[in-house]
Amino acid sequence: MEALLTQQVDQNIKTTGADAVLRALIAEETSLIFGYPGGAIMPIYDALYHYQEEVRHVLTRHEQGAIHAAQGYARATGKVGVVMATSGPGATNLITGIADAMIDSTPLVCITGQVGSNLLGSDAFQETDIISISMPVTKWNYQVTKAEELPEALAKAFYIAKSGRPGPVLIDITKDAQFGSLEFIYEKCEVIRSYRPVPKLELDQLSKAAELINGAQRPFVLFGQGVILGNAEKEFKIFIEKTGIPSAWTLLGLSALPTDHPLNVGMLGMHGNYGPNKLTNECDVLIAIGMRFDDRVTGNLETYAKQAKVIHFDIDPAEINKNVKADIAVLGDCKEVLVELTRLARMNSHPVWREQFREFTRIEEEQVVKKELQPSQGQITMGEVVNGINDETKGEALLVTDVGQHQMVACRYTKFNQSKSSITSGGLGTMGFCLPAALGAKLGNPEREVIAVIGDGGFQMTIQELGTIFQTQTAVKIVILNNSFLGMVRQWQQLFFDKRYSSTEMENPDFVTIAKGYGIEGKSIDDRTDLQNAIQEMLSHDGSYLLEVHVGKEDNVFPMVPSGASVSEVRLS
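A brief report on the enclosed structure follows. All values reported here derive from a predicted model rather than from experimental measurement.

**Some thoughts on the packing of helix α15 (residues 351-373) against helix α17 (residues 405-413)**
Part 1 of the argument: At a minimum axis distance of 13 Å, the contact between α15 and α17 shows a crossing angle of 110 degrees. As the angle between them shows, α15 and α17 are arranged roughly perpendicular. By crossing handedness, the relation of α15 to α17 is classed as left-handed. Together, Glu364, Val368, Val369, Glu372 and Leu373 of α15 and Val409, Arg412 and Tyr413 of α17 make up the contact between the two elements.

Put into structure tokens, the structure is as follows:
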């Protein structure tokens, strides 16, 4: 490994490889680890016993719970999440979370134990080739077979995980390397030869972009999580306020701009707002900032924004022209780019163009939003629940969602005042993500109200993490929107498969009784007259709480862009 290491931390300490792992984590200011012990990583857990005052370890009930918790922690704090697991099934149980973190650009350092180096390739007990398995879904991985490799490997892991476009890194450590001895010297990594995490800003490209923006009559900004990862929320807000450009967010860009900002026109994509989808195909300049033109955003690429000049700002060269061809591409750090772009941009307000968005908002309000938030009859809607939470939290809560109908409804209707307030599984769409991710988010932000909004299907995928919430006494507020269906799949079956509800209806257990078995208070309601009091009771409760709300079984989420359709074909019903 070729790395230039600086910021020396400790020198000339004779120790074991296992102890070196803990010393390295402390040097990287890691104060919280999620994990599950086992035979091949036992030496590291034995070393951890001596560092309990410096590093807190959270024992989850499953390795997938551990990595989702680390993701929630990383997303909520902006720090690197750390997770540990043993070899074999322990390591493979991390893979879903690693893949999720890779596609959603979440910085993680995953440490796995491995059989002794003399047993590699022998099909030893609990041996799997986790390096080969994880290679497609990690930013970098490395197998350590000698104790003296550990300090540099871990320093490099943290640097790669958090630099440039963040992502997960995996370090696999053989058991003999954990038992081995070394002279511990740790220096944080700041540069790696041939690795350029932040491209040099090309000012000529930036000038061309500014010229195009300044001449636009109907400019439209699409912003993604890159704004949040680049800590550029302030710079982004200054840019759009100077230029007066209406701006829409991707699922992971949510909360980078306050919900009630006058230039925030809503969500893009399959279940996004009416105006942003319709007007994508009417703008003259499309400005993408820190987003990757995911298929859920673009719909049919053959009909996507063909009338517009496209400007793409991103830190990752691999995203340029991958899905949508850019007329002008500007690579660089989001914060730096936005500062320079704002300097070159002209003051503007685009009143006529912005009024078009407002008109589409009025149409959506009348045909969709009122029915969802203020129904006159029938069962409680998901939107009602989210709106009730808004009334009580005033946009200050940190919301974690799972995947499905409830996710789209929650992200559409929740109000946010500050960044890093919405955590969800975006690119991979991992059911079971929410409960452990909410645990990690709350442990990273104990002062904030953290609310987990989950469907009845996803909840049961990681329901065992109620045990972790119980053991750690973490005050997560859990809202289950129970429609006794795998709701999003059922919606597609209704709309596109002639209501053939194949394997989507669920007979669910008594969730409140299960929660109480873990020492978590709860309540179940199905009458809207009880809704607001139930939400107030949940939020005022001292400690974790589970609120189950029975919602309409066959309610659908609209607007919706059918799969394979143009974004301008968005449906309101």
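**Some words on the sheet that holds strand β13 (residues 309-314)**
Two modes of strand pairing occur in sheets, parallel and antiparallel, and in both the strands are linked by backbone hydrogen bonds.
Part 1 of the argument: Taken together, six strands build an open sheet; the order of strands is β11-β10-β9-β12-β13-β14 and the sheet is parallel. Edge positions in the open sheet fall to β11 (264-267) and β14 (328-331), since each of these has one partner strand only. Each strand of the sheet is rotated relative to its neighbour by a mean of 20 degrees, with strand direction disregarded.
Part 2 of the argument: Where strand β12 (residues 285-289) lies against β13, five bridges are found, and the strand directions are parallel. Across the sheet, Ile287 pairs through a bridge with Ile311, a residue of β13.

**A look at the sheet that holds strand β18 (residues 477-482)**
Part 1 of the argument: The strand order across the open sheet formed by six strands is β16-β15-β17-β18-β20-β19, and the pairing between neighbours is parallel. The open sheet has two edge strands, β16 (422-423) and β19 (521-525), and neither has a second partner.
Part 2 of the argument: Two elements, strand β15 (residues 398-401) and strand β17 (residues 450-455), share four bridges in a ladder whose sense is parallel. Residue pairing in the sheet places Leu399 in a bridge with Ile451 of β17.
Part 3 of the argument: Against the sheet, α17 makes contact with β15, β16, β17 and β18, and its axis sits at roughly 155 degrees relative to β15, the strand it touches most.
Part 4 of the argument: Packed onto the sheet, helix α23 (residues 531-540) meets β17, β18, β19 and β20 (545-550) and runs at close to 165 degrees relative to β20.

**With respect to the pattern of salt bridges**
Part 1 of the argument: The full count for this structure, using the stated rule, is 22 salt bridges.
Part 2 of the argument: Between Lys322 and Glu319 there is a salt bridge; the shortest N-O distance is 3.0 Å.
Part 3 of the argument: By relative accessible area, which is 44% here, Lys322 ends up partly exposed.
Part 4 of the argument: Residue classification places Glu319 among the buried residues on the basis of a relative accessible area of 6%.

**Some thoughts on helix α16 (residues 382-393)**
Part 1 of the argument: Compared with the 16 Å implied by 1.5 Å per residue over 12 residues, the 17 Å span of α16 between its first and last C-alpha is a close match.
Part 2 of the argument: With nine of 12 residues buried, α16 is to be regarded as a mostly interior element.
Part 3 of the argument: Those residues of α16 lying buried are Met382, Gly383, Glu384, Val385, Val386, Gly388, Ile389, Asn390 and Thr393.
Part 4 of the argument: Those residues of α16 that are buried lie in contact with α15, α17, β17, β18, α23 and β20.
Part 5 of the argument: Phi for Lys394, located one or two positions after α16, is positive at around 55 degrees.

Procedures and definitions
Residues numbered from 1 in each chain as written. Predicted model: local features only at pLDDT ≥ 70, side-chain atom pairs only at ≥ 80, totals over all residues. Heavy atoms only, no water. Axes fitted to C-alpha atoms, helices over the stretch in contact; angles between N-to-C directions. Helix = DSSP H or I, 4+ residues; strand = E, 2+ residues; numbered from the N terminus. Parallel < 35°, antiparallel > 145°, perpendicular 65-115°, else oblique. Left-handed = near helix turned anticlockwise from the far one by under 90°. Contact = heavy atoms within 4.5 Å. Pairing = 2+ DSSP bridges. Salt bridge = Lys/Arg side-chain N within 4 Å of Asp/Glu carboxyl O. Buried < 20%, exposed > 50% of the residue type's maximum accessible area, 1.4 Å probe, protein only. Expected span 1.5 Å × (residues − 1).

Purely geometric stuff here, so don't read any function into it on its own.
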